[in-house]
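# Descriptive analysis of the structure
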Amino acid sequence: MTRSDLVEELAARFSQLTHRDAEHAVKTILDAVGDALVKGHRVEIRGFGSFSINRRPPRMGRNPRSGEAVAIPEKRVPHFKPGKALREAVDRGPVETDIDRFDRYDR
């Protein structure tokens, strides 16, 4: 699902929202999550998961072309840990609807 798919889904579910309002809502939420992570904070969305920052220590790597040793600096990278409800829902797999069953027989 892309950002534009998320905007479309939000606008479709809430008919009182215009497409522009849905786009603004998605942008605001994603910007807030990004800003919190940049500041080093943890973002937790109950029932969905949590976003945090992991630290990758500095290390020595190799240039694949020349084989020369290269120092790779420390990095901070975003990390997502799914919540229990999301993990269990993904493990169960997609819910098959009547339309899905009919599509399968049409092939």
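A quick note: this is a predicted structure, and the numbers were derived from the prediction, not measured.

## Topic: the overall build of the protein chain
The helix and strand tally for the protein chain stands at four helices and five strands. Secondary structure elements of the protein chain occur, N-terminal to C-terminal, as α-α-β-β-β-β-β-α-α. Out of the 107 residues in the protein chain, the part that is buried amounts to 13%. Counting only contacts in the protein chain whose residues sit at least 6 apart along the sequence, the fraction spanning at least 24 positions is 32%. For the protein chain, the computed accessible surface area is about 9,300 Å², with 55% contributed by carbon and sulfur atoms.

## Some points on the environment of Ser52
Relative to the helices and strands, Ser52 resides in strand β2 (residues 49-56). Residue classification places Ser52 among the buried residues on the basis of a relative accessible area of 18%. Distance from Ser52 to Pro78, taken between C-alpha atoms, is 5.8 Å for residues 26 residues apart in sequence. When neighbours within four sequence positions are excluded, Ser52 is seen to be in contact with Leu37, Arg42, Val77, Pro78 and His79.

## Remarks on the packing of aromatic side chains
The tally for this structure, following the rule as stated, stands at two aromatic pairs. Taking 5.4 Å as the distance between ring centres and 45° as the angle between the ring planes, the aromatic pair formed by Phe48 and Phe80 counts as tilted. On the criterion of sequence distance, the pair formed by Phe48 in the loop between β1 (43-45) and β2 and Phe80 in strand β5 (residues 75-82) is long-range, its members being 32 residues apart. Phe80 gets classed as partly exposed once you look at its relative accessible area, which sits at 30%. Ring geometry for Phe51 versus Phe80: centroids 4.8 Å apart, planes at 45°, classification tilted. Of the two residues, Phe51 is situated in strand β2 and Phe80 in strand β5; the sequence distance between them amounts to 29 residues. Here a set of aromatic residues connected by ring pairs shows up, and it is made of Phe48, Phe51 and Phe80.

## Side note on the sheet that holds β5
In space, the three strands of this open sheet follow the order β1-β2-β5, with antiparallel pairing throughout. Where the open sheet ends on each side, the last strands, each with one partner, are β1 and β5. For this sheet the average axis-to-axis angle between neighbouring strands, irrespective of direction, equals 30°. Of the pairings in the sheet, the one linking β1 to β2 comprises three bridges and is antiparallel in character. Each residue of the ladder has a partner; that of Ile45, found in β2, is Gly49. Against the sheet, helix α2 (residues 19-38) engages β1, β2 and β5, with an angle of about 35° to β2.

## Brief notes about the pairing of strand β4 (residues 69-72)
Note: strand β3 (residues 59-62) against β4, four bridges, orientation antiparallel. Paired with Arg62 across the two strands is Ala69, which belongs to β4. What sits between β3 and β4 in their antiparallel hairpin is a turn of six residues, with Gly67 showing a positive phi close to 80°.

Quick notes on the rules
Residues numbered from 1 in each chain as written. Predicted model: local features only at pLDDT ≥ 70, side-chain atom pairs only at ≥ 80, totals over all residues. Heavy atoms only, no water. Helix = DSSP H or I, 4+ residues; strand = E, 2+ residues; numbered from the N terminus. Buried < 20%, exposed > 50% of the residue type's maximum accessible area, 1.4 Å probe, protein only. Contact = heavy atoms within 4.5 Å. Areas by Shrake-Rupley, 256 points an atom, 1.4 Å probe, with all protein chains shown as cover. Phe/Tyr/Trp six-rings, centres within 6.5 Å; stacked < 30°, edge-to-face > 60°. Pairing = 2+ DSSP bridges. Axes fitted to C-alpha atoms, helices over the stretch in contact; angles between N-to-C directions.

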